[in-house]
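The chain contents come next:
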Amino acid sequence: MTYALAWALQQGLYQLLTTDAACVSVIGGRVYDAAPPFGPDAEAEGVYLTLGEEEARDWSTGSDTGAEHLVRLDVHAPRQSYGEAKAAAAAVSDAVLSGTMTLPRGRQINARFVDAKTGRDEAGRLRRIEMRFRIVLEDTL
C-alpha cells in the first residue's frame with residue numbers, strides 16, 4: 001500500500017475540475033480545499049465545489065503498488081438553487097468518471113461513483129450535494 005498518491009490525486013482532481021468545460025460552465029474556477037470564508041451573504045457567491053474527506057485502502061498486487069481512494073466532492077449552491085447544484089454535480093460526476101484525469105505521479109486505474117447525499121449547511125443558507133467516488137491509482141515509481 002502507498003499513501004504517496006494522495007497528493008497527486010488531489011492535484012489531478014483540482015486540475016480536472018478547473019479545466020473541464022462542463023464544470024467550468026457551472027462552477028467556474030471555484031474549487032476549494034475547504035469552504036471559503038464568505039461573508040454573511042454566502043448565497044451571492046454562487047455555486048462552488050470543495051474537495052472533501054478522503055479514505056485510502058491498499059490496492060497493491062504482487063508486482064504493483066497502489067491504493068483505492070474514497071474521495072468526497074461537495075457541491076454548494078444558494079438555497080434556492082437545487083437545480084444549479086444538481087447540474088454542477090452532474091458535470092463533476094461526468095468529469096471524474098471520464099478517465100481523463102492527469103496525475104503528476106501514478107496512473108488512474110478506474111473511477112466509480114459510490115453515492116451522494118443532499119442537504120443544507122448548518123445555517124440553512126446553502127444547498128449541498130456530497131458525492132463520493134472510488135478512485136483506484138497505481139504508483140508508477
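This text follows the structure it describes.
Attention in this report is confined to the structure presented alongside it. (Residues numbered from 1 in each chain as written. Predicted model: local features only at pLDDT ≥ 70, side-chain atom pairs only at ≥ 80, totals over all residues. Heavy atoms only, no water.)

## Thoughts on the pattern of salt bridges
Opposite charge on two side chains permits them to pair, given that their charged atoms come into close proximity.
Next up, step 1: Here the structure, examined in full by the defined rule, presents 10 salt bridges.
Next up, step 2: Ionic pairing is found between Arg 107 and Glu 138, a salt bridge with its closest N-O pair at 2.9 Å. Note that Arg 107 is positioned in strand 4 (residues 107-120) and Glu 138 in strand 5 (residues 126-138), a separation of 31 residues in sequence.
Next up, step 3: Judged by relative accessible area, Arg 107 falls into the partly exposed class, the value being 43%.
Next up, step 4: For Glu 138, a relative accessible area of 11% puts it in the buried group.
Next up, step 5: Measuring nitrogen to oxygen at the nearest pair gives 3.9 Å for the salt bridge that ties Glu 130 to Lys 117. Placement of the pair is Glu 130 in strand 5 and Lys 117 in strand 4, with a sequence separation of 13 residues. (Salt bridge = Lys/Arg side-chain N within 4 Å of Asp/Glu carboxyl O. Helix = DSSP H or I, 4+ residues; strand = E, 2+ residues; numbered from the N terminus. Buried < 20%, exposed > 50% of the residue type's maximum accessible area, 1.4 Å probe, protein only.)

## Quick look at the packing of helix 1 (residues 6-19) against helix 3 (residues 82-97)
Next up, step 1: Helix 3 packs onto helix 1 with a crossing angle of 125 degrees between their chain directions and a minimal axis gap of 10 Å. The angle between helix 1 and helix 3 falls in the class oblique. Along this stretch, helix 1 crosses helix 3, giving a crossing that reads as right-handed. Of the residues in helix 3, those touching helix 1 at Leu 13, Leu 16 and Leu 17 are Val 92, Ala 95 and Val 96.
Next up, step 2: For the contact of helix 1 with helix 3, the per-class residue count stands at 6 nonpolar, no polar and no charged. (Axes fitted to C-alpha atoms, helices over the stretch in contact; angles between N-to-C directions. Parallel < 35°, antiparallel > 145°, perpendicular 65-115°, else oblique. Left-handed = near helix turned anticlockwise from the far one by under 90°. Contact = heavy atoms within 4.5 Å. Nonpolar A, V, L, I, M, F, W, Y, C, P; charged D, E, K, R; others polar.)

## Here we look at the pairing of strand 5
Next up, step 1: Summarising burial for strand 5: 11 of the 13 residues are buried, a large majority.
Next up, step 2: Relative to strand 5, strand 3 (residues 66-78) is paired through 13 bridges, and the arrangement is antiparallel. Across the sheet, Gly 66 pairs through a bridge with Glu 138, a residue of strand 5.
Next up, step 3: Between strand 4 and strand 5, which pair antiparallel one after the other, the connecting turn spans 5 residues, and Gly 124 there sits at a positive phi close to 75 degrees. (Pairing = 2+ DSSP bridges.)

## Observations concerning the sheet that holds strand 2 (residues 48-58)
Next up, step 1: The 5 strands are arranged 1-2-3-5-4 in an open sheet whose pairing can be described as mixed. The open sheet is flanked by strand 1 (31-32) and strand 4, the only strands paired with a single partner.
Next up, step 2: Relative to the sheet, helix 3 contacts strand 2, strand 3, strand 4 and strand 5, its axis offset from that of strand 5 by approximately 5 degrees.

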